[in-house]
Amino acid sequence: MSAVSTPRPGEAGPTARPARPARAREVPPATVARLPVYLRALHVLAQQGVVLTSSRSLAVLAGVGPAQLRKDLSHLGSHGTNGVGYDVAHLSRQIAVALGLTSQRRVVIIGIGHLGHALANYTGFSGRDFVVAGLVDADPRVVGTTVAGLPVRPAQELEAVVAETGATIAVIATPADVAQEVCDRAVAAGVTGVLCFAARALRVPADVDLRTVDLGSELQILAYHDRRKSERLG
Ligand SMILES: NC(=O)c1ccc[n+]([C@@H]2O[C@H](COP(=O)([O-])OP(=O)(O)OC[C@H]3O[C@@H](n4cnc5c(N)ncnc54)[C@H](O)[C@@H]3O)[C@@H](O)[C@H]2O)c1
């Protein structure tokens, strides 16, 4: 597209200051939460050698309705081609860009107990997008051991580990009573995203993103739906 355009009446002319670069498109949070699901579905299609997909097929794979899928993708400016559908590789790239997966994110895991071990060894996410770069724990029996090829460093070195690894994401897998303290330290050391597995509501500054994974709450929600179903049947 040409960078020069003729100003319309009332618009600033060529001597005006250059316009500020357009801000990245805002995507509603509910759509952002579904983008990883679409990306996973697209990877499955790509592995099967599928080049083009319809919104219907992609929606089935992603477990959403086709209208929802089309609406979500329209937020990325992706409307597909009538009668052709979506180009799998192109759409994957668009979603990856929207999710900020164009550069690798480094992750530090705090608390290398049962869960921390499992997370450090998890290979399900793409190493291109995320790499576990540092591990810390407070237990002297755990410190110095090697987990997933990385040394477990002492808890008091958390700040140094964040600085040395350039980690921008902290995963908290400590007991709940120390979760806020380690979160505060990780944020002060420079992480901008926190994924918390401890059952504790954490506070973070406005410019830090916090996601919480709470297995207990998820099971309670399933129990609620189960109760409602049995009430309807009974
Ligand atoms: N969200 C979920 O779905 C889910 C599932 C299981 C466990 N959890 C929670 O995850 C956390 C970890 O569970 P777990 O089973 O692995 O417990 P764990 O006791 O096996 O591991 C906790 C680890 O944190 C370390 N630790 C304690 N204080 C620390 C500190 N200040 N800095 C760094 N490390 C520290 C301990 O030494 C230990 O190795 C708990 O809060 C638990 O309730 C969440």
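Residues numbered from 1 in each chain as written. Predicted model: local features only at pLDDT ≥ 70, side-chain atom pairs only at ≥ 80, totals over all residues.

Caption draft 1: Focus on the domain arrangement of the protein. Taken domain by domain, the protein holds domain 1 (29-98) and domain 2 (105-217). Computed from C-alpha atoms alone, the centre-to-centre distance between domain 1 and domain 2 is 31 Å. (Domains from an automatic or database assignment.)

Caption draft 2: Inspection of the sheet that holds strand E8 (residues 193-196) at higher detail. Strand order in this open sheet of seven strands is E5-E6-E4-E3-E7-E8-E9, and the pairing throughout is mixed. At either end of the open sheet lies a strand with only one pairing partner, and these are strand E5 (146-147) and strand E9 (209-212). Pairing of strand E4 (residues 130-137) with strand E6 (residues 150-154) involves three bridges; the strand directions are parallel. Counted as the bridge partner of Asp-137 is Pro-154 from E6. (Pairing = 2+ DSSP bridges. Helix = DSSP H or I, 4+ residues; strand = E, 2+ residues; numbered from the N terminus.)

Caption draft 3: Looking closely at the site of the ligand. In the region of the ligand, 25 residues are neighbours, and Gly-111, Gly-113, Leu-115, Asp-139 and Leu-215 sit closest. For the shell around the ligand, the secondary-structure elements that each account for two or more residues are helix H5 (114-121), E4 and helix H7 (176-189). Among the residues forming the shell around the ligand, the class breakdown is 17 nonpolar, five polar and three charged. (Near = placed C-beta within 6 Å. Nonpolar A, V, L, I, M, F, W, Y, C, P; charged D, E, K, R; others polar.)

Caption draft 4: Fine view of helix H1 (residues 29-47). Here H1 contains 19 residues, and its C-alpha end-to-end distance of 28 Å stays within 8% of the 27 Å for a straight helix at 1.5 Å per residue. All of the buried residues along H1 are Leu-35, Tyr-38, Leu-39, Ala-41, Leu-42 and Leu-45. Elements that come into contact with the buried residues of H1 comprise strand E1 (52-53), helix H2 (55-62) and helix H4 (88-98). Once H1 finishes, Gly-49 follows within two positions and takes phi at roughly 80°, a positive value. (Expected span 1.5 Å × (residues − 1). Buried ≥ 20, exposed ≤ 12 C-beta atoms within 10 Å, placed from the backbone. Contact = placed C-beta atoms within 7 Å.)

Caption draft 5: View of the UniProt feature "binding site: NAD(+)" (unreviewed entry) in the protein. UniProt's entry tags Gly-111, Ile-112, Gly-113, His-114, Leu-115 and Gly-116 with the feature "binding site: NAD(+)" (unreviewed entry), counted in the numbering of this structure. With residues up to four places along the chain from it excluded, the contact list for Ile-112 reads His-117, Ala-120, Leu-135, Asp-137, Val-142, Val-147 and Val-152. One can find Gly-113 in the loop between strand E3 (105-110) and H5. Residue Gly-113 is classed as partly exposed on the basis of its C-beta count, with 13 C-beta atoms lying within 10 Å. (UniProt positions renumbered as here; feature names shortened; annotations may be inferred.)

Caption draft 6: Looking closely at the packing of H1 against H2. It is at 9 Å that the axes of H1 and H2 come closest, and there the two elements cross at 110°. Comparing their axes, H2 and H1 come out roughly perpendicular. Crossing angle aside, the handedness with which H1 passes H2 is right-handed. Of the residues in H2, those in contact with Val-37, Tyr-38, Ala-41 and Val-44 of H1 are Leu-58, Leu-61 and Ala-62. Each residue belonging to the contact of H1 with H2 can be placed in one class, and the counts come to seven nonpolar, no polar and no charged. (Axes fitted to C-alpha atoms, helices over the stretch in contact; angles between N-to-C directions. Parallel < 35°, antiparallel > 145°, perpendicular 65-115°, else oblique. Left-handed = near helix turned anticlockwise from the far one by under 90°.)

Caption draft 7: Broad picture of the UniProt feature "DNA-binding region" (unreviewed entry) in the protein. The UniProt entry lists residues 37-76 under the feature "DNA-binding region" (unreviewed entry), expressed in the numbering used here. As a span, residues 37-76 carries 70% helix and 5% strand, and end to end its C-alpha atoms are 15 Å apart.

Caption draft 8: Region of interest: the pairing of E8. Alternating residues of E8 divide into Val-194 and Cys-196, all buried, and Gly-193 and Leu-195, none buried. The pairing of strand E7 (residues 169-172) with E8 spans four bridges and is classified as parallel. The residue bridging Ala-170 from the neighbouring strand is Val-194, located in E8. Tracing the backbone out of E7, into H7 and back to the parallel element E8 gives a crossover that is right-handed. In this structure, E8 lies alongside E9, joined through four bridges in parallel fashion. If you follow Cys-196 over to E9, its bridge partner there is Thr-212. (Right-handed = clockwise from strand over helix to strand, strands pointing away.)

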